[in-house]
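Given next are the chains, with one letter for each unit.
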Amino acid sequence: MSKSKHHPLGIDVGGSGIKGAPVDLKAGEFAQKRKRIDTPEKSTPEAVAEVIAEIVDHFADQIGDEPIGVTVPAVVQHGTVRTAANIDKSWIDSDAEKLLEKRLGRDITLLNDADAAGIGELRYGAAKHAKGLVVLTTLGTGIGTAILNNGELVPNSELGHLEIDGHDAETRAASSIKDKEGISYAEWAKRLQRYYSHLEALLWPDLIVVGGGVSKDADQFLPLLDLRTEIIPATLKNAAGIIGAARQAHDNVQD
Ligand code: BGC
């Protein structure tokens with residue numbers, strides 16, 4: 001733990017909003033109320049870096065010299081972004097972690113949004129104390145996944161894109177599709193059943209955690225699923241990514 005009263009900052013870059021908060025790593029919760037700014041229409045790395053700088057300025061007194069964790073809806077391989085879901089395609093193959101470090105003059109850890117949520121849930125949320133193989137899925141605009149084996153993240157799993165019945169799974173089972181098609185929880189649960197059965201047949205996890213905004217209504221669909229794996233809702237709600245990003249940024253500096 002840091003000796004100072006300062007806290008690392010977690011920032012979540014999404015398709016419509018960029019949100020950040022300093023995180024109290026002992027409590028596993030925001031140390032200050034979260035700040036949200038609309039994602040710029042042309043969401044290039046440079047434009048997003050400007051918004052992040054604004055959020056960093058806003059919390060300057062709380063974060064001091066602490067590091068910053070930033071999540072993106074994309075594969076991030078050693079600081080280089082490889083895909084781009086809901087953000088400008090110019091992120092692809094950009095050395096975005098370096099670009100952010102240069103713009104902000106601070107240590108930055110850039111990571112996939114679902115990976116960050118997985119770390120948050122593992123350290124402070126639904127998967128706290130879980131042993132073995134944990135798979136977190138975020139059901140939202142797409143499906144994000146995080147694989148955590150005995151507390152270690154295996155980064156950049158993209159299991160929301162498993163091909164099932166000839167479809168990219170997230171185009172059938174993401175919660176945005178449920179909303180778009182106006183189907184009931186019962187209908188949607190049939191798609192989730194297909195998805196999660198496939199997932200557990202491939203990975204044999206010990207625990208599946210279901211995150212994303214819709215996890216607040218988990219009682220409407222999780223009881224309808226028949227799986228061999230224990231499946232439970234995430235508990236940190238929309239804070240999981242920000243908390244996990246700050247945690248990872250802090251841990252990276254200690255390494
Ligand atoms: C992307 C993932 C991301 C997930 C949630 C998927 O479409 O491929 O990288 O984690 O959406 O945002």
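The structure presented is a predicted model; accordingly, all values stated were derived computationally and were not measured.

1. Details of the sheet that holds strand β10 (residues 143-149)
Strand order in this open sheet of 5 strands is β11-β10-β9-β14-β15, and the pairing throughout is mixed. Since the sheet does not close on itself, it has two edges, and those belong to β11 (152-154) and β15 (230-233), each with one partner. The sheet shows a mean angle of 25 degrees between the axes of neighbouring strands, taken without regard to direction. Bridge count between strand β9 (residues 133-139) and β10: 7 bridges; the pairing is antiparallel. When the bridges of β10 are listed, Leu136 appears paired with Ala146. Along the sheet face, helix α4 (residues 113-124) touches β9, β10 and β11 and points at about 50 degrees away from the line of β10. Sheet strands touched by helix α7 (residues 185-203): β9, β10, β14 (207-211) and β15. Its angle to β9, the strand with the most contacts, is close to 150 degrees.

2. Some details on the domain arrangement of the chain
Examined at the domain level, the chain breaks down into domain 1 (3-116 + 239-254) and domain 2 (129-235). In this structure, domain 1 and domain 2 have C-alpha centres spaced 24 Å apart. Taken together, the contacts link 8 residues of domain 1 with 10 residues of domain 2. Contact between domain 1 and domain 2 buries roughly 680 Å² in total, counting both sides, with carbon and sulfur atoms accounting for 49%. The interface formed by domain 1 and domain 2 holds 0 salt bridges in total. Counting across the domain 1 and domain 2 interface gives 2 residue pairs in polar contact (both at pLDDT 80 or more).

3. Notes on the environment of Val48
Mapped onto the elements, Val48 comes out in helix α1 (residues 45-58). Taking the C-alpha atoms as reference points, Val48 and Ile87, separated by 39 residues in sequence, lie 9.6 Å from one another. Those residues in contact with Val48 that lie beyond four places of it in its chain are Val13, Ile18, Pro40, Ser43 and Trp91.

4. Considerations on the site of the ligand
Around the ligand, the surrounding shell consists of Pro73, Ala74, Ala85, Asn112, Asp113, Ile143, Gly144, Glu158, His161 and Glu170. Residue Asn112 places a side-chain N or O atom 3.1 Å away from an oxygen atom belonging to the ligand. In the environment of the ligand, an oxygen atom lies 2.6 Å from a nitrogen or oxygen atom belonging to the side chain of Asp113. For the ligand, the protein covers 89% of the area, taking 310 Å² as the surface of the free molecule. Its residues placed into classes, the shell around the ligand shows 4 nonpolar, 3 polar and 3 charged. Looking at which domains feed residues into the shell around the ligand, each of domain 1 (3-116 + 239-254) and domain 2 (129-235) supplies at least three.

5. Side note on the pairing of strand β1 (residues 9-13)
Moving residue by residue along a regular strand, the side chains alternate between the two faces of the sheet. Most of β1 sits inside the fold, with 5 of its 5 residues counted as buried. Where burial is concerned, the two faces of β1 agree: the one with Leu9, Ile11 and Val13 and the one with Gly10 and Asp12 are both buried. By the bridge criterion, 5 bridges tie β1 to strand β2 (residues 17-24) in an arrangement that is antiparallel. Across the sheet, the residue bridging to Ile11 is Gly20, located in β2. Adjacent in sequence and paired antiparallel, β1 and β2 are bridged by 3 residues. Of the strand pairs in this sheet, β1 and strand β5 (residues 68-72) are connected by 4 bridges, and their pairing is parallel. Across the sheet, the residue bridging to Asp12 is Thr71, located in β5.

Cut-off values and rules
Sequence order sets the numbering: in each chain, residues are counted from 1 along the sequence as written. Owing to the predicted nature of the model, reporting of local features is limited to residues with pLDDT of at least 70; listing and counting of side-chain atom pairs is limited to 80 or more, with chain, interface and lining totals taken over all residues. Side-chain measures were taken over the full set of non-hydrogen atoms in the model, leaving aside hydrogen atoms and water. Strand pairing follows a simple DSSP-based rule, namely that at least 2 bridges must link the two strands. The helix count covers DSSP runs of H or I at least four residues long, the strand count covers runs of E at least two residues long, and both are numbered beginning at the N terminus. Note on definitions: angles span 0 to 180 degrees between N-to-C directions of axes, and those axes are lines fitted to C-alpha atoms, for helices only across the stretch in contact. Between two residues, a contact is recorded if the distance between any of their heavy atoms is within 4.5 Å. As used throughout, domain bounds are those supplied by an automatic or database domain assignment. Two parts placed together each lose some accessible area under a 1.4 Å probe, and the buried area is that loss summed for both. A carboxyl oxygen of Asp or Glu within 4 Å of a side-chain nitrogen of Lys or Arg is what we treat as a salt bridge. Identification of polar contacts relies on pairs of N or O atoms within 3.5 Å, with a donor-acceptor requirement for protein atoms, meaning one able to donate a hydrogen and the other able to accept it, and with residues adjacent in sequence counted only if both atoms are side-chain atoms. The criterion for a residue being near a molecule or strand is simple. One of its heavy atoms has to lie within 4 Å of it. Residue burial considers only the protein chains on display, and all accessible areas are found by Shrake-Rupley using a 1.4 Å probe. The classification used treats Ala, Val, Leu, Ile, Met, Phe, Trp, Tyr, Cys and Pro as nonpolar, Asp, Glu, Lys and Arg as charged, and all other residues, Gly among them, as polar. Residue exposure (1.4 Å probe, protein chains only): buried if accessible area is under 20% of the type maximum, exposed if over 50%, otherwise partly exposed.

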